Amino acid sequence: MSTWYRGGKDGRLRRLVLLLFALEAGRVFCIYHPELQSIQFDEVVNGEKHALVHWYAPFCGHCREFKPEFELLGKTFEDSSNVVIVRINGRKYRGLSKRYKVNGYPTVMWFEKGKRTTEFSDEIEDVSHLTTARALASFIKSRTGVNVALPKSQTNIISLNEKRFEEVVLNEAVDVLVCLFPREGGNHKKTRELLSKLADLYADEDYVTIASVQCTKNESVCETRGVRSSPVLLWFGRESKSKPEIYVGLLNIKFLTSYVNKKSGSDISEAGHIVEGGGLVEEYNDLVERFLDGTEASREEILNEMRELRGQFKSRKKLNSEYYVRIAENMLKTGEDFLSSEVARSGRELVFSELSSAEVKDLRRYSNVLNEFRRVAKEDKDDL
């Protein structure tokens, strides 16, 4: 780690000098603050940049487990000019924690650029359910467009112990598929490899978590869930946390991806691509037809219906809903030619741009929705 971040009196003095110099220049030069002081908070998280803040406590075991992921994220964003990454001791600075209603650790909050606030408000987004650098980087990209290349981790499976089990699987913001490996019956190498591949496929899906528990070290988790000599796969859906479902299908990647897609609303193929029709939301079919048939005045009303429908969904379905709203908004602004020009533009971007796997998936979903608008518009013309 750079000497600017080392501890001790000299390290603190260097950090303070660097901060004062940057503020004097009218911008924060140090984008990653691994140990922010309370007196610095309002100057750093000031609304001039997006800010991701990790509140931790020294006694918190989950915080210690999360620290390497957050450090990786922070170092990756060190050169960013638009995003500030902050880690702060909430236990030490209790007054600041109280201002922002931090009730547990770790807590991760997102402060939107241009929305300065000196206390907790609805404009601050709690993203504590995102527990990996990759998930947080994907979230930041969705809010800012800033894309970074994270070093590939050895596995995307979240390993759970007794203390962390309920925190992860009962998180109502995500769907969780957890595999409980028994104390006996071999090392289940094939099942572990299958689970690892499945976790890699869904690594870009922030609202799907693939986890594992080793029963040898966590007996209490497994004893009440019927684990004997074979691994048990349990699905903890967002809306059915109290009644997990036992997966009884075949243990191969085709059946597992189909199962996870059906349960979560995701659209990942066993090859890691988007399934045919990925991004499309059936509930918008009638709205698209009405929008394309409507006058400018009626289109405004139908666009509001699209926005209302978007608010009824969660996770992937809500993200896909954004494409419908965005396309309708742009058609109202620029007219009918938007569809053909945007289809051409997105096609060029897929071919010629250097995109991450998550960006490719999102662009293909968006393209599928664009083409659905074009298909319906063409049918309307043919009927005239």
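Residues numbered from 1 in each chain as written. Predicted model: local features only at pLDDT ≥ 70, side-chain atom pairs only at ≥ 80, totals over all residues. Heavy atoms only, no water.

Let us look at helix 6 (residues 162-169). Three or four residues apart is the spacing at which side chains of an α-helix point the same way, because the helix has 3.6 residues per turn. Residues of helix 6 that are buried include every one of R164, F165, V168 and V169, and no others. Buried residues in helix 6, looked at end-on, bunch into an arc of 120°, giving them a common side. Projecting away from the buried face of helix 6 at angles above 90 degrees are the exposed residues K163 and E166. Here the buried face of helix 6 lies against helix 3 (61-76), strand 6 (158-160), strand 7 (175-181), strand 8 (208-214), helix 8 (219-223) and strand 9 (232-236). The N-terminus of helix 6 is capped by N161, whose side-chain oxygen sits 3.2 Å from the backbone nitrogen of K163. (Buried < 20%, exposed > 50% of the residue type's maximum accessible area, 1.4 Å probe, protein only. Helix = DSSP H or I, 4+ residues; strand = E, 2+ residues; numbered from the N terminus. Arc of directions from axis to C-beta. Contact = heavy atoms within 4.5 Å. Polar contact = N/O pair within 3.5 Å; in protein donor to acceptor, adjacent residues only side chain to side chain.)

It is worth spelling out the pattern of salt bridges at this point. Following the criterion strictly, the structure yields 22 salt bridges and no others. When the shortest N-O distance is used, the salt bridge between R307 and E329 registers 2.9 Å. Taken together, the positions of R307 in helix 11 (residues 296-310) and E329 in helix 12 (residues 315-334) put the pair 22 residues apart, joining distant regions of the chain. Look at R307 and you get partly exposed, because its relative accessible area is 29%. Connected via shared salt-bridge partners are E205, D267, R316, D362 and R365. (Salt bridge = Lys/Arg side-chain N within 4 Å of Asp/Glu carboxyl O.)

Attention shifts here to the packing of aromatic side chains. Applying the stated rule across the entire model yields 15 aromatic pairs. With centroids separated by 5.3 Å and ring planes inclined at 50°, the aromatic side chains of F41 and Y100 adopt a geometry described as tilted. In this pair, F41 is assigned in helix 2 (residues 41-44) and Y100 in the loop between helix 4 (94-99) and strand 4 (107-111), connecting sequence segments 59 residues apart. Across this residue pair, the class does not change: F41 and Y100 are buried. With a centroid separation of 5.8 Å and 40° between ring planes, the pair formed by W55 and Y100 is classed as tilted. In this pair, W55 is assigned in strand 2 (residues 50-56) and Y100 in the loop between helix 4 and strand 4, connecting sequence segments 45 residues apart. (Phe/Tyr/Trp six-rings, centres within 6.5 Å; stacked < 30°, edge-to-face > 60°.)

Taken in spatial order, the 5 strands of this open sheet run 6-8-7-9-10, and their pairing is mixed. In this open sheet, the two strands that pair with only one neighbour each are strand 6 and strand 10 (245-246). Where strand 6 lies against strand 8, 3 bridges are found, and the strand directions are parallel. When the sheet's bridge partners are listed, I158 is paired in strand 8 with A211. (Pairing = 2+ DSSP bridges.)

Bringing the confidence of the model for the protein into the picture now. Of the residues in the protein, 89% reach a pLDDT of 70 or more, and the chain-wide mean stands at 84. Across residues 1-9, where pLDDT falls below 50, the model places 16 contacts with residues more than four positions away in sequence or in other chains. pLDDT under 50 marks residues 15-30. Its contacts with residues more than four places away, or in other chains, come to 22 contacts. (pLDDT = per-residue confidence, 0-100.)

For the rest of this paragraph, the subject is the state of the cysteines. Tallied over the full model, the rule gives 1 disulfide. Covalently, C215 is tied to C222 through a disulfide, its sulfur atoms 1.9 Å apart. Between C215 and C222, the S-S dihedral sits near -85°, and the bridge is therefore left-handed. Accessibility assignment for this pair places C215 and C222 in one class, buried. Looking at the unpaired C179, the closest cysteine sulfur is the one in C215, lying at 8.7 Å. (Disulfide = S-S within 2.5 Å.)

Under the defined criterion, the tally for this structure stands at 2 cavities of 30 Å³ or more. Put simply, the second largest cavity is a space of about 40 Å³. Taken together, V45, N46, G47, F111, E112, K115, R116 and T117 make up the full set of residues lining the second largest cavity. (1 Å grid on protein atoms, 1.4 Å probe; cavity = no way out; pocket = protein on both sides within 12 Å on 5 of 7 lines; lining within 4 Å. Points joined across faces, edges and corners; volume = space filled by probe spheres on them.)

What follows concerns the pairing of strand 9. Most of strand 9 is tucked away: 5 of the 5 residues are buried. By the bridge criterion, 5 bridges tie strand 7 to strand 9 in an arrangement that is antiparallel. When the sheet's bridge partners are listed, V176 is paired in strand 9 with F236. Bridge analysis of strand 9 against strand 10 gives 2 bridges, and the strand direction is antiparallel. The residue bridging L234 from the neighbouring strand is I246, located in strand 10.

So, on to helix 5 (residues 133-144). Relative to the 16 Å expected for 12 residues at 1.5 Å per residue, helix 5 spans 16 Å between its end C-alpha atoms, a close match to the ideal helical length. Those residues of helix 5 that fall on the buried side of the exposure criterion are A133, A135, L136, A137, F139 and I140. Buried residues along helix 5 sit in contact with strand 2, helix 3, strand 3 (83-89), strand 4 and strand 5 (124-126). At the exit of helix 5 stands G145, carrying a positive phi of roughly 85°. (Expected span 1.5 Å × (residues − 1).)

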